[in-house]
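Remarks on the overall topology
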Amino acid sequence: MNTTTSVNGCFVFKPSAKKKKTLSLEDHFSHGCESAESSEKRFKLCQDLWDKIKSDTEVLQDDLNRKILDSLLDFTRKCSSTRQLSDWASQMRASEIPTAALVLGVNVPDHDMTFQSLSELLQQSVTPHVASVQAKECGALKHLMKRVLERLMGTDVTVDDEEEEEAEQTSTPLHKSVHCSLSTLCDWYKTKTKKSNTPGKKRSSPSRDDPQQPPVVIIFKDLEAFNPKVLQDFILICSRYIERLPLMFIFGIATSPSTIQHMLPHSVSSLLCIELFQSLSCTQHLATVIDQLILTHHFPFKLNAKVLQVLMSIFLYHDFSVRNFIKGLQLALLEHFHSQPLSVLCCKKKDALLNVMQLSHSDLERIRNLPSFKRYVEKQEPQEQVNLSKDDTHLKEVCQKLIKGLHKYHKNYYPVLRCLHTLTSSLPRYPLGKQVRELHLICLEKNVWENEDYQTAMKLLRMLAKDELVALLQRCVEILQPVKSKKMKNAFLQLTDLLTKFKQLDIAAEPPPCVEEPIISPVRNLQKKTDLFQLQKTLLEMNESRRAKKLSPFEVLRNEALEFLDNLVKSHLSPPESHTLNEVCYYTSSATVRRHLNATPRTSIQAALNSPYYYLQNDRLKTVDGSVSNSAPDICIAYKLHLECGRLINLYDWLEAYATVVSAAEGNNPDSDNYGKVEEVKHARFIRAVSELEFLGFIKSTKQKTDHVARLTWGGC
Amino acid sequence: MTKMLQHSGYEEERLQRVAELLPCREVQAGMLLSLMGQPQQCSYPSIFIYGHRASGKSHVMQVLLKELELPHATVSCVECVSVALLFEQVLLSFFGCDAASLLPRSPSLSDFVRIYRQHCSQTPAKQTRYIVMEKAELLRDTDANLLPALLRLQELVDDNVTIILLSEIVWDKFRPNTGCFEPLLLHFPDYSKGELQQILSQDKHPSYSAEFYSSYINILLGVFYSVCRDLRELRHLAALNFSKFCEPLAEGKVKETDTHKLWRNIEPHLKKAMQTVYLREVSSLQWEQLQQMEERECGALRGLSAHTHVELPYYSKFLLIAAYLASYNPARTDKRFFLKTCFSYKINKFVVDSRVAPTASIFSQISSLVTLQLLTKVSHDDQLDAPKYKCAVSMDFICAISRTVNFEIIKYLYDFL
């Protein structure tokens, strides 16, 4: 286990003077950073990239949420407008509280953003009165009331019998009378709406639908976590005021809408007018995020297959949270710029070329040591090899060329990847994956065309009917069209050419019926012979003859098209490792990402107990063969000793063993009488170590034998 | 004909108006009136009225007190998150906001009594004052002394005041074990079918005749009476479905009197309403929109309970399955099922697939499953070292989950062996 990062993480930054605090972000970055001289530049690049990622994802989020938010807004508007109708039906029917059940999926960390933008939108376009509440702040009914009132009215609300409010005694009597009840809210609402009606005092908020009676929206962010009793009571109270106060609820639901029925009895749910809104699934959301952030050449920063795999598996296996995925991306970004000095070149082409010219000698040495560059050098002429290793200016020129090449590679890679994906994503059993990210992972790992699945996919493609193939090729053409690179333009022309040829086939006269004699004759033979071997042979022959048979013009064209695509794949979808200087852009340390994002507390505890040196960094604790030194902390010694025991541990034996080890550490003479004696201090230390182990869950007391404890672990975990 | 209410203390006209406003509740209203006596007479300290939801308890009280202009305070107990609110509302409606503002921050019962007496001596009651407490069953959860004290408030404050408790629960469930003053009990029975018919027919649509609406109510009750006797709900349903009932009339196909044809038209529609909108599977708003749409499109809208599928992360699914097994299999059978494939992760009573290292996010998944109410914590909150959880999902749910991860849960369930 590598501990450098954990040590860095544990570093305590002393809170210095406040002035310095503003700088601290960059200071943190440069602290312990490789090659400090370029750290400033790298920090700026990193920040710019992150800002771009952040703003892009926000825009994306807004776009994705737009649809559902729009329908929600419609719903609120509709509700507030139907309330004012005075026809017979709306008078007769019970006035229900309009409720939007918003199903958001189990990716709870992402919900905050959705609710944030939702309440902002509501405030902008429907009503200024929006309050959102969370379950954890509303344990009892009065707390819920208090929060709702506070957030709507923007004042403090007193709830009686609460000690914390002693300090507010000084407040004015008027303030005190703000009691925690909905009638207070009603009065407040009345004055509020009246005020807005008086001319000259018009509020600026553009609630155009219904300036007199904007609804009061209460958002329950996590419905499942609410105490059902509290919620029921709250709804009962609200329904008493619905005539006077145009209330409206929004329930944020993570699981399924049937939760509402589980939580609320019919007598309560009949007070609500519930409408369902389903949000986009998080996997779709992730697909768009990946599409925008990763599968594009606009971001110079890339992840290699393993890192991407780690991030993906955290998403799919653990939390379904897009926000955490982006956080992971941010971590990788930061780590890359922090640990890789050559990341100064990880930026836009123009800047990168400039930065190449400003590289210092040590940076150039680093380039010479890059594995991909070494491979490149080996392929050059001997004279060139010498030049590259000696002449810095020459190296810079070559680097510029290589950087250009890398950018070109990215420019061509993604369109071709998408083309291949469109072709293969509709094949039966998805040999190359359903999602474009799966194909991307395959391509990142190794040459995709050597993959077995690729071969099957190609075989399946060769069996496609004409209209299907033409449709797929048409989509490929659409993908290639907007790409501004010479090679892609060329490919685009060739593909359109092929497509026109396909279309011409239709116009061309029907091919004359083929002479099918060569096929018919073996079939005839087949009827005569019946043994298995012969059958196989004839079938093979048939196959041969069919292959040898003159292909129809469509088949010729189909093969030509697929051949063309195959070539396209082979020339553009090579994995990044094969490209020189890929280390500049690709972040590869998947272990770091995994350790940071998917922490394993148990492993850390065990590592700490097994080898305290990792965390304490005390030279005295250094040992060679994984054994614990005598001077290790008590708990480590106790832990080590308990590992040698069976399921039940005799406490006295354990104590004796412990005392012996500790005595050795104190440097006592092994022959003296006191050696290994259990005295009070040692006894106390031992007891403490044992109870700490019990707290950590390694042992527990057992009733089987009074002076024994039971082990709860077996082997390493 | 409505029966006449008769009482010597009140004007004839008023009583008649009250009787008109209280159809089918004349008996109870009369009884109440005689209990209350004439305004200036001293009344019984406490009356307890119970009856099911929407059986007219609050309505009768409101109408009586308002129409006869008696001094009263109406308090809903569900709203009183603290007793202070209750006291405040009572004082406010009897003595104005001066009295209410005299209450200290966290008033006790004696504070209330003190202030009440103080004001009461300044403005002694000329008429009986009434305090109506709706949803009185919630009083049982407040301080133990509140309910007994309210029942004999008359003595405490030395004023002509009567407490009227309204509840859906019988008095027997209220009686505190320390004993208390017994209030007068009054029962409001459910409305019969005929009474419902009579009451509902009163809110007729202005543009249709009374007979027509009455026949509609008759059909409606025929469908719904077996499942629902809640007046409020029935009125709501009547309003929602009336436009559909009138449809053939508007198209000119049927005459108002042709009841049979109208019945044929509306009956399947009402049956459908019973399955959807009555259960709030479909909201009333959506139901109204549906009526405007074509019949064929109706199937497109799915109710709330139709969406039961829950998308979960891969490991969460396994955690849930493991929790389900751990909750429903006896612990001693663990060995039998998991000897080779899995190991039992006893601390949390979980069975975790041995390939997965217990990482922090696995632990956090457990707690997020708890917030999603898929697991519930059974051990005490304070017990940090050995939390115990119980799986709170249904068999169908867990089967659906295990199907998505190709795990045959039936094979591992003890009850199915």
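Residues numbered from 1 in each chain as written. Chains lettered and ligands numbered in written order. Predicted model: local features only at pLDDT ≥ 70, side-chain atom pairs only at ≥ 80, totals over all residues. Heavy atoms only, no water.

Here we come to the overall build of chain A. In terms of helices and strands, chain A carries 33 helices and ten strands. Here chain A holds 717 residues, and the buried ones make up 46% of them. The long-range share in chain A, meaning contacts at least 24 apart out of those at least 6 apart in sequence, stands at 72%. With the model as given, the accessible surface of chain A reaches about 37,400 Å², and the carbon-plus-sulfur share is 54%. (Helix = DSSP H or I, 4+ residues; strand = E, 2+ residues; numbered from the N terminus. Buried < 20%, exposed > 50% of the residue type's maximum accessible area, 1.4 Å probe, protein only. Contact = heavy atoms within 4.5 Å. Areas by Shrake-Rupley, 256 points an atom, 1.4 Å probe, with all protein chains shown as cover.)

A few words now on helix H6 (residues 108-125) of chain A. Spanning 18 residues, H6(A) covers 26 Å between terminal C-alpha atoms, matching the ideal 26 Å at 1.5 Å per step. Regarding H6(A), the residues found buried are Asp110(A), His111(A), Thr114(A), Phe115(A), Ser117(A), Leu118(A), Ser119(A), Leu122(A) and Ser125(A). (Expected span 1.5 Å × (residues − 1).)

Once that is clear, we can look at empty space enclosed by the protein. In this approach the atoms are scanned with a rolling probe the size of a water molecule, which exposes any empty space left behind. Residues and elements named next belong to chain A. Under the defined criterion, the tally for this structure stands at ten cavities of 30 Å³ or more. Taken as a whole, the largest cavity encloses approximately 150 Å³ of empty space. For the largest cavity, the lining is made up of 13 residues, of which Asn65, Thr114, Ser279, Leu280 and His285 are closest to its centre. Secondary-structure elements contributing two or more residues to the lining of the largest cavity are helix H4 (39-82), H6 and helix H13 (282-293). (1 Å grid on protein atoms, 1.4 Å probe; cavity = no way out; pocket = protein on both sides within 12 Å on 5 of 7 lines; lining within 4 Å. Points joined across faces, edges and corners; volume = space filled by probe spheres on them.)

So, about the interface of chain B and chain A. Opposite the 63 residues of chain B that make contact, chain A presents 62 residues. Of the roughly 5,500 Å² buried between chain B and chain A on both sides combined, carbon and sulfur atoms contribute 62%. In this assembly, chain B and chain A are joined by two salt bridges. With a shortest N-O distance of 3.2 Å, Glu79(B) and Arg240(A) are connected by a salt bridge. At the boundary of chain B with chain A, the tally comes to six residue pairs in polar contact (both at pLDDT 80 or more). For the side of chain B that touches chain A, the element with the most residues is helix H11 (residues 231-250) of chain B, which contributes seven residues. (Buried area = accessible area lost by both parts, 1.4 Å probe. Salt bridge = Lys/Arg side-chain N within 4 Å of Asp/Glu carboxyl O. Polar contact = N/O pair within 3.5 Å; in protein donor to acceptor, adjacent residues only side chain to side chain.)

This brings us to the UniProt feature "domain: ORC5 lid" (unreviewed entry) in chain B. As annotated by UniProt and renumbered to match this structure, "domain: ORC5 lid" (unreviewed entry) occupies residues 213-280 of chain B. From the first C-alpha to the last, residues 213-280 of chain B spans 25 Å; its make-up is 72% helix and 0% strand. (UniProt positions renumbered as here; feature names shortened; annotations may be inferred.)

This paragraph deals with the environment of Gln6(B). Summarising the element assignment, Gln6(B) is placed in the segment before helix H1 (12-21). Residues Gln6(B) and Ser214(B), spaced 208 residues apart in sequence, show a C-alpha to C-alpha distance of 30 Å.

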